[in-house]
Every structure is written in structure tokens, then in C-alpha cells.
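Coordinate analysis (summary)
Now for the letters of each chain:
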Amino acid sequence: MQAGESAQDLDLVLKSLWAAYQQGERRALARLLTLVDQAAYRRTIYKCLAHAFPEQTSLTVAVTGSPGAGKSTLIGKLLPLLRQQGRTVAVLACDPRSPLTGGALLGDRIRMPVPVDEQGIYIRSLATPPGRQGIAENLDVRIALLEKFGFDWVVIETVGVGQADVAIGDLVDFLVLLIPPESGDEIQWEKAGLLEIADLVVVSKGDLPGAARTAAQLQQTLNLPGFPPKPVTVVSAAKNLGLSDLVSRLMQSPRRRRLQEYYARRLLLLAQEILAERFAEKKDLVARVLEEARQNGWDTWEAACELARRLSENGH
Ligand SMILES: Nc1nc2c(ncn2[C@@H]2O[C@H](COP(=O)(O)OP(=O)(O)OP(=O)(O)O)[C@@H](O)[C@H]2O)c(=O)[nH]1
Ligand SMILES: [Mg+2]
């Protein structure tokens, strides 16, 4: 909220924005996708969306993988394919780098070449706050905004960094893990648990040597006990190989997004946010506990437990 801006002003701004959004105005959509980051607006956006339990509208796909795995190029190639089938698509690219560099923002646009007059396609890059690699804040609200706007598909590009992408798995119908040939990434993803939770494991850059070998290795790992069985596929965005197969696979597979879990997680995240805000105001209490920790020789864990106990005692 800007200084001097009252809650009433906010409501007015949002009311007119929401009306424009409902008319299908992209500028309003773009503005809402930005305003979601401001807590004062987000509250009202939640009210507008009124989606504690919405219908499932779009097919949502997260494409994840290490930097340079070929995510943007692949998505760029899927767009015309989906348009040919009459599907409208929104793409959210979650950029882990600072927006100040600008590089990746531009890069994603360049590598997702779509005609500017293409009404059925919407591409948006999101900066990720420092320390929250790979996943943009408030992604759930953003997905909801795009779904309600009416896109048939919502595709999210995100750099896989483990935990964040495990979390993203709850928000989408399909989590596609992209692994370039001979990258050694499979070990990293296996450790991060992503190989396990990905719905589709796809070897990218299938035109490069080693793609078949990487796919075979991955399949071997996935055949080990403990992994849910899933096929490994190979695509080449450069050579247009395996792309329509990937699209049909996504269209035909059962969707994994389970609203119950999705919303349980959403509520938990929101509650954490609300509590974090409240706790941030308790600087005096933190300072007191710190002082007591020093006097009593508590270790950090003990001090944190004591702080947590007192914060929850304080009626929060
Ligand atoms: N040979 C080959 N190169 C590819 C293919 N797809 C992407 N590349 C190249 O791989 C590099 C990275 O591609 P991007 O699509 O930008 O990868 P990304 O995963 O989006 O990268 P970040 O957004 O930076 O994490 C580029 O130089 C692409 O030209 C492919 O199918 N074959
Ligand atoms: Mg990219």
C-alpha cells in the first residue's frame, strides 16, 4: 500500500481492475498478477477469486529442470502445437535470477518465439525474491488468476532446486522434469526427491549424443524398487522430435492435482504467512528470549523452542 492510500482506495482500484479482468482484458490480468505480491491487494484478490474450492479449469503443467536444460525452448515449441489444436496457453516463467540483470527475462521471450498478435498465448516472466530460488511467490494465486481468465493450459517454467519444486508438484496437474543428456543431473534430482515425484521424466536435447544412454540410465533408476513406475521419454525441441507425443501424453494422462491436498497446502502456507507477519511484530519478545538464552546458556534450538512456546502462548 502506498502512503495515503486507504483501504477504500484499494478496493476501488481492484474493483475496476477486476471488472476489466472479467471482460478478458489482458492489461488487467497483467496488473493483477503483479499486485498479488502486495499483501494489501492479495487479500481482496482472494475475495474476488472466491476459490477456497474452485472448479479445476485449466490443465496445469510445471516444467522444471536445471538452468539451461531446455525448458524455455521446449515450451516455445509446444505453444504452436497447442494452438494448432485450438488450445489457449498461459506461460509463467519463474526466473530465479535478479530482475535487475534483465537477461533471463529477455531470454525467455527470445526463446519462446510467438507472434505478438497471437491472442491465444500469454507469456509472463516472474522474478523470484532472493533466497526463494526457482519458485515465485504466490504462485497458487497466479495460477488461479490465469485459470479463471480462461486459459486451457497454464504452463509454469521453473528452475528445479529441490524443495521448491517438490512444493510446486502440489499446485499442478503434471510435473515434467527435463534432464539434458550426459548432465549428471539425474543424481541431483534423485537426491532432491524430484525424480520420484515428477509425473513425466523427459530427456531434452534428444538430438545430442548420449540422449539415449541418459534415458536408459534414468529408466534403470526408475525401475528400482521404491520408485513409482513411470516412463522416460526423449524429446528434441531443436529437431521437433517427440513433441506431439508429449502433448498427447499430457492430455491423456490422469491429472494428479488433488484439490484437497492442494488447498490444505495453500491454507497452511497462508497461515504461516499470517503468523510470520504477526511474529515479526514481536521484536521485544525475541530480544527478551535472546537475552534469557544468553543468561541461561541455551543453545539455539532450545532458545527457538522457548520463543515458539511463548509466541503461541501470546494468543496467536
Ligand atoms: N541441441 C539442442 N539444444 C537445445 C535444445 N533445446 C534447447 N537447446 C539449447 O539449450 C540452451 C538452453 O535452452 P533454454 O531453453 O534456454 O533452457 P532453459 O532450461 O529454459 O534455461 P534457463 O531458463 O536459463 O534455466 C540454449 O542454447 C538452447 O538453444 C534441443 O532440443 N537441442
Ligand atoms: Mg528458460
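Residues numbered from 1 in each chain as written. Chains lettered and ligands numbered in written order. Predicted model: local features only at pLDDT ≥ 70, side-chain atom pairs only at ≥ 80, totals over all residues. Heavy atoms only, no water.

Further remarks concern helix α8 (residues 185–192). It helps to recall that an α-helix has 3.6 residues per turn; residues three or four apart then point in one direction. The set of residues buried in α8 consists of Asp185, Glu186 and Trp189. Taken around the axis of α8, the buried residues stretch over an arc of 95°, which confines them to a single face. Away from the buried face of α8 by more than 90 degrees, exposed residues Ile187 and Lys191 are located. Of the surrounding elements, those touching the buried residues of α8 are β1 (59–65), β5 (174–179), α9 (194–197) and α10 (211–223). Looking at the residues trailing α8, positive phi occurs at Gly193, about 85°. (Buried < 20%, exposed > 50% of the residue type's maximum accessible area, 1.4 Å probe, protein only. Helix = DSSP H or I, 4+ residues; strand = E, 2+ residues; numbered from the N terminus. Arc of directions from axis to C-beta. Contact = heavy atoms within 4.5 Å.)

Another aspect to go through is helix α4 (residues 71–84). For α4, built from 14 residues, the straight-helix expectation of 20 Å at 1.5 Å per residue is met to within 8% by its first-to-last C-alpha distance of 20 Å. Among the residues of α4, those classed as buried are Lys71, Ser72, Leu74, Ile75, Gly76, Leu78, Leu79, Leu81 and Leu82. Positive phi shows up at Gly86, right after α4, with a value of about 80°. (Expected span 1.5 Å × (residues − 1).)

Viewed as axis vectors pointing N to C, helix α2 (residues 26–35) and helix α6 (residues 139–149) meet at an angle of 165°, and their least axial separation amounts to 10 Å. In terms of axis orientation, α2 runs roughly antiparallel to α6. In this structure, α2 meets α6 at a crossing whose hand is right-handed. Taken together, the residues of α6 that come into contact with α2 (itself represented by Arg26, Leu29, Leu32, Leu33 and Thr34) are Arg142, Leu145, Leu146 and Phe149. A per-class count over the contact of α2 with α6 returns 6 nonpolar, 1 polar and 2 charged. (Axes fitted to C-alpha atoms, helices over the stretch in contact; angles between N-to-C directions. Parallel < 35°, antiparallel > 145°, perpendicular 65-115°, else oblique. Left-handed = near helix turned anticlockwise from the far one by under 90°. Nonpolar A, V, L, I, M, F, W, Y, C, P; charged D, E, K, R; others polar.)

Looking now at the packing of aromatic side chains. Evaluation of the coordinates by the stated rule reveals 4 aromatic pairs. Chaining the aromatic ring pairs together yields one cluster made of Trp18, Tyr21, Tyr122, Phe149 and Phe151. (Phe/Tyr/Trp six-rings, centres within 6.5 Å; stacked < 30°, edge-to-face > 60°.)

Turning to the nonpolar core, a few remarks are in order. With 50 residues, the main nonpolar core has Leu29, Ile45, Leu139, Leu145, Leu146 and Ile156 as its most contacted residues. Ranked by residues supplied to this core, first place goes to α6 with 7 residues. Here this core gathers at least three residues from each of two domains, domain 1 (1–50) and domain 2 (51–257). Leu146 has contacts with Leu29, Leu33, Ala90, Leu92, Tyr122, Phe151 and Val154, leaving out every residue within four places of it along the chain. (Core = buried A, V, L, I, M, F, W, Y, C linked by side-chain atoms within 4.5 Å. Domains from an automatic or database assignment.)

Bringing the confidence of the model for the protein into the picture now. Of all residues in the protein, 80% attain a pLDDT of 70 or more, and the chain-wide mean is 82. Confidence drops under pLDDT 50 across residues 98–107; counting only partners more than four residues distant or on other chains, this segment forms 6 contacts. (pLDDT = per-residue confidence, 0-100.)

Moving on, we come to the side chain of Arg310. Position of Arg310 among the secondary structure elements: in helix α14 (residues 300–313). Among the polar contacts listed, one links the side chain of Arg310 to the side chain of Glu292, at a separation of 2.5 Å. Sequence-distant contacts of Arg310, that is, excluding residues within four places in its chain, are made with Leu285, Val289, Glu292 and Trp298. (Polar contact = N/O pair within 3.5 Å; in protein donor to acceptor, adjacent residues only side chain to side chain.)

Next up on the list: the pattern of salt bridges. Across all of its chains, the model carries 8 salt bridges by this definition. In this structure, Arg309 engages Glu306 in a salt bridge whose closest nitrogen and oxygen atoms are separated by 2.7 Å. A residue pair is termed a helical-turn pair when its members lie 3 or 4 positions apart in one helix, as Arg309 and Glu306 do in helix α14 at 3 residues. Arg309 gets classed as partly exposed once you look at its relative accessible area, which sits at 40%. Overall, the relative accessible area of 15% leaves Glu306 in the buried class. As a salt-bridge pair, Glu306 and Arg310 come within 2.7 Å of each other at their nearest N and O atoms. You can see Glu306 and its partner Arg310 sitting in helix α14, 4 residues apart, about one turn around the helix. This pair shows no difference in class: Glu306 is buried, exactly as Arg310 is. (Salt bridge = Lys/Arg side-chain N within 4 Å of Asp/Glu carboxyl O.)

A few words now on the pairing of strand β6 (residues 200–203). Covered by surrounding structure in β6 are Leu200 and Val202 together with Val201 and Val203, the residues of both alternating faces. Across 4 bridges, β5 lies against β6 in parallel orientation. Pairing of Ile179 across the sheet is with Val203, part of β6. Summarising the sheet, β6 and strand β7 (residues 232–234) pair through 3 bridges and their orientation is parallel. Residue Val202 lies in a different strand from β7, and its bridge partner there is Thr233. Since β6 and β7 lie parallel, the crossover through α10 that links them has a hand, and here it is right-handed. (Pairing = 2+ DSSP bridges. Right-handed = clockwise from strand over helix to strand, strands pointing away.)

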